Amino acid sequence: MDRILKDLRDRPITIVIFFLLIIIVVAFLIDRAFFASRRKKSEFPCYNQKLVIWSPIPFQEFRKAIKSVNKYCLTVNVEKKSLEEIKETLLLETAAGRGPDIVYVDNEFAFNNLKIFDEYKNKKLTIDNYPEIIFKPLNNKFNLYPLTFDTLVLFVNNRYLANAGLYEPPKTFEEIEQAIPQLRQANFNYLELAPIALGKSNIDNFVEIFLVINKNLNQESEKNSSAFEKTFDYLTQFTNPYSNLYSWDDNLPNALLAFAQERLIMLPAFYSQKKKIIDSNSRLEFSVAGFPKFSQSLKKYNYLKVYYLGVIKNKKSKYSWLFLEEFDKIYPEFAKRNNLIPLRKDLFNDLDKESKIVINEMLIGDYFTNINYDELNNALPKYFDSWLTNKDNLKNILRRTDIFKFFKK
């Protein structure tokens, strides 16, 4: 050892080399400990792009996904817009080269304007992870990212059912017909407590409810004037004071409000309206059941709405889908935080009983893309409100003109 130290003192260049080696080793260890992980992050490609999202969903719901794409040098700006505003302005803004890169849309708008959306071409997202009904209208292509859905259900006041000796919500219209005499508390032409909201235009979503009942009741002949007559005959029984099914009255308020005020036992409505019911009366005890069916119907149908995030076809489409890949990673917590029933099949097993009921209604969903909604929305109140007193005249109008307006050719 003494000899080695003596050689080092006699040869200065050796001392320099020795200390350089020590410095290199120390620098290597520091680099591995503190800088290697940061350098690894910089290995991601830097696209240096800015994306714009139009959505009624606020910025904070996208925050994690936005932070995740920062490693690709992508910045994301969320502009909060209502669905109605989006549908009014999107096509004009897109045609002018402005507008968003990612946009929130419903199935009605999306199906009519598929050409403006870019198809997903990678493998991280797959249609196999969704129910068939979600992508079937999109020609089984991943043209849009499915976000959430809505469908008709039956909200039920549990206490009133139990008071009548009924401990399970009715599953069919036949069961509802049998239960109405037990549920009804009525004078001659006034309902103190309404069993179910059916047959009048002061009912929320009366167009969608009519279409679902019409299709379940008439099956393949749903477009015939005779089918509509049959459905009007059936539904107006619930508003006829002389009928054994008398269940809904003009003196009652809007159906959802009547249910929240505990003046209505069963409310057919969209599942999304559950929040509005709770907001109106947080103490109300109620449950969610499947929308009633007809026991003799071979096929069962419900009204389905689906909401998507769509990628606009432009030079940034690749980066927009990259963002949605990152968003898909946080989708489970996004759905849970917003009280949404998820659309991904890999999340179905962990759902509660109520969510599984709504999923089953979604699986028999129909988009009713063949209807002229505005025509029906304008005409149905006239038929509902006058069918009992002016049936013959309305039948003639229906057969000669109106039935041809209600459906697209």
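Computed from a prediction, not measured in an experiment: that's the story for all the values here.

A. Here's a closer look at the overall build of the protein chain. A tally of helices and strands in the protein chain yields 16 helices and ten strands. Buried positions account for 49% of the 409 residues belonging to the protein chain. Here the analysis covers contacts within the protein chain between residues at least 6 apart in sequence; of these, 74% occur between residues at least 24 apart.

B. Structural view of the pattern of salt bridges. Under the criterion given, the structure shown has 25 salt bridges. Lys71 is the salt-bridge partner of Glu326, the closest N and O atoms lying 3.9 Å from each other. Of this pair, Glu326 sits in helix 13 (residues 317-337) while Lys71 sits in the loop between helix 3 (63-68) and strand 2 (74-80), and the two are 255 residues apart along the sequence. Overall, the relative accessible area of 5% leaves Glu326 in the buried class. Between Glu333 and Arg337 there is a salt bridge whose closest N-O contact spans 3.7 Å. Here the residue Glu333 and the residue Arg337 both occupy positions in helix 13, the gap between them amounting to four residues, near one helical turn. On the basis of relative accessible area, Glu333 is assigned to the partly exposed category, the value being 32%. Taken together, the shared-partner salt bridges connect Glu61, Lys64, Glu333 and Arg337 into one network.

C. View of the state of the cysteines. Scanning the entire structure with this criterion turns up one disulfide. At a sulfur-sulfur separation of 2.0 Å, the disulfide partner of Cys46 is Cys73. Classification of the bridge connecting Cys46 and Cys73 rests on its S-S torsion, roughly -115°, and on that basis the disulfide is left-handed. Here the residue Cys46 occupies a position in the loop between helix 2 (12-41) and strand 1 (49-55), and Cys73 occupies one in the loop between helix 3 and strand 2, the gap between them amounting to 27 residues. A residue is classified by how much of its surface remains accessible, and Cys73, at 27% relative accessible area, is partly exposed.

D. Broad picture of the side chain of Asp402. Structurally, Asp402 can be placed in helix 16 (residues 391-406). At a separation of 3.5 Å, a polar atom in the side chain of Asp402 contacts the side chain of Lys382. A distance of 3.4 Å separates a polar atom in the side chain of Asp402 from a polar atom in the side chain of Thr401. Residues within four places of Asp402 in sequence aside, it is in contact with Lys382, Tyr383 and Ile397.

E. Local environment of the nonpolar core. With 133 residues, the main nonpolar core has Val105, Ile134, Tyr145, Tyr308, Phe323 and Phe327 as its most contacted residues. Contacts of Val105, omitting those with residues within four sequence positions, involve Leu83, Ile86, Leu90, Ala110, Phe117, Leu144, Val306, Tyr307 and Tyr308.

F. The arrangement of helix 4 (residues 83-95) in detail. Over its 13 residues, helix 4 runs 19 Å from end to end, which matches the ideal 18 Å to within 8%, given 1.5 Å per residue. Along its length, helix 4 reaches its greatest deviation from straightness, about 45°, at Thr89. All buried positions along helix 4 are accounted for by Leu83, Ile86 and Leu90. If you follow the buried residues of helix 4, they end up packed against strand 1, strand 3 (102-106), helix 5 (107-112) and strand 9 (302-311).

G. Here's a closer look at the packing of aromatic side chains. Scanning the model with the defined rule gives 37 aromatic pairs in all. Judged by centre distance (6.1 Å) and plane angle (80°), the ring pair of Tyr130 and Phe142 falls under edge-to-face. Here Tyr130, found in the loop between helix 5 and helix 6 (132-135), pairs with Phe142, found in the loop between helix 6 and strand 4 (145-157); they are twelve residues apart in sequence, far enough to count as distant. Take Tyr130 and Phe142: they sit in the same class, and that class is buried.

H. Representation of unusual backbone geometry. Even without a glycine there, the phi angle at Asn48 is positive, about 55°. Following the sequence through the fold, Asn48 ends up in the loop between helix 2 and strand 1. Backbone geometry places Phe368, a non-glycine residue, at a positive phi of 50°. Along the chain, Phe368 falls in the loop between strand 10 (365-366) and helix 15 (373-386).

I. Main features of the environment of Glu61. Take Glu61: it is sitting in the loop between strand 1 and helix 3. What makes Glu61 buried here is its relative accessible area of 10%. Put simply, Glu61 and Phe334 are 273 residues apart on the chain and 6.9 Å apart in space, counted from C-alpha to C-alpha. In this view, Glu61 contacts Phe327, Ile330, Phe334, Arg337 and Asn338; residues no more than four positions away in its chain are not counted.

J. Main features of helix 13. For helix 13, spanning 21 residues, the distance from its first C-alpha to its last is 28 Å, which sits close to the expected 30 Å at 1.5 Å a residue. If you look at helix 13, its biggest bend is around 60°, right at Ile330, and the proline Pro332 turns up within four residues after that. Extensive coverage of helix 13 is indicated by the burial of 15 of its 21 residues. Where helix 13 terminates, the next one or two residues include Asn339, which has phi positive at roughly 55°.

K. Seen up close, the packing of helix 9 (residues 206-218) against helix 10 (residues 225-235). Where helix 9 meets helix 10, the closest approach of the two axes is 9 Å, and the angle between their N-to-C directions is 110°. Taken together, helix 9 and helix 10 sit at an angle that is classed as roughly perpendicular. Handedness of the crossing formed by helix 9 with helix 10: right-handed. Where helix 9 abuts helix 10, its residues Phe210, Ile213, Asn214, Leu217 and Asn218 lie against Ala227, Phe228, Lys230, Thr231, Phe232, Tyr234 and Leu235. Tallied by class, the residues present in the contact of helix 9 with helix 10 amount to eight nonpolar, three polar and one charged.

L. Looking closely at the packing of helix 9 against helix 15. Direction vectors running N to C along helix 9 and helix 15 enclose 85°, while the axes themselves pass 10 Å from each other. Judged by the angle between their axes, helix 9 and helix 15 are roughly perpendicular. The segment helix 9 lies against helix 15, with Phe206, Val207, Glu208, Phe210 and Leu211 engaging Tyr373, Leu376, Asn377, Leu380, Pro381 and Phe384. For the contact of helix 9 with helix 15, the residue count by class is nine nonpolar, one polar and one charged.

Parameters and conventions
Residues numbered from 1 in each chain as written. Predicted model: local features only at pLDDT ≥ 70, side-chain atom pairs only at ≥ 80, totals over all residues. Heavy atoms only, no water. Helix = DSSP H or I, 4+ residues; strand = E, 2+ residues; numbered from the N terminus. Buried < 20%, exposed > 50% of the residue type's maximum accessible area, 1.4 Å probe, protein only. Contact = heavy atoms within 4.5 Å. Salt bridge = Lys/Arg side-chain N within 4 Å of Asp/Glu carboxyl O. Disulfide = S-S within 2.5 Å. Polar contact = N/O pair within 3.5 Å; in protein donor to acceptor, adjacent residues only side chain to side chain. Core = buried A, V, L, I, M, F, W, Y, C linked by side-chain atoms within 4.5 Å. Expected span 1.5 Å × (residues − 1). Bend = angle between axes of the 7 residues up to and from the residue. Phe/Tyr/Trp six-rings, centres within 6.5 Å; stacked < 30°, edge-to-face > 60°. Axes fitted to C-alpha atoms, helices over the stretch in contact; angles between N-to-C directions. Parallel < 35°, antiparallel > 145°, perpendicular 65-115°, else oblique. Left-handed = near helix turned anticlockwise from the far one by under 90°. Nonpolar A, V, L, I, M, F, W, Y, C, P; charged D, E, K, R; others polar.

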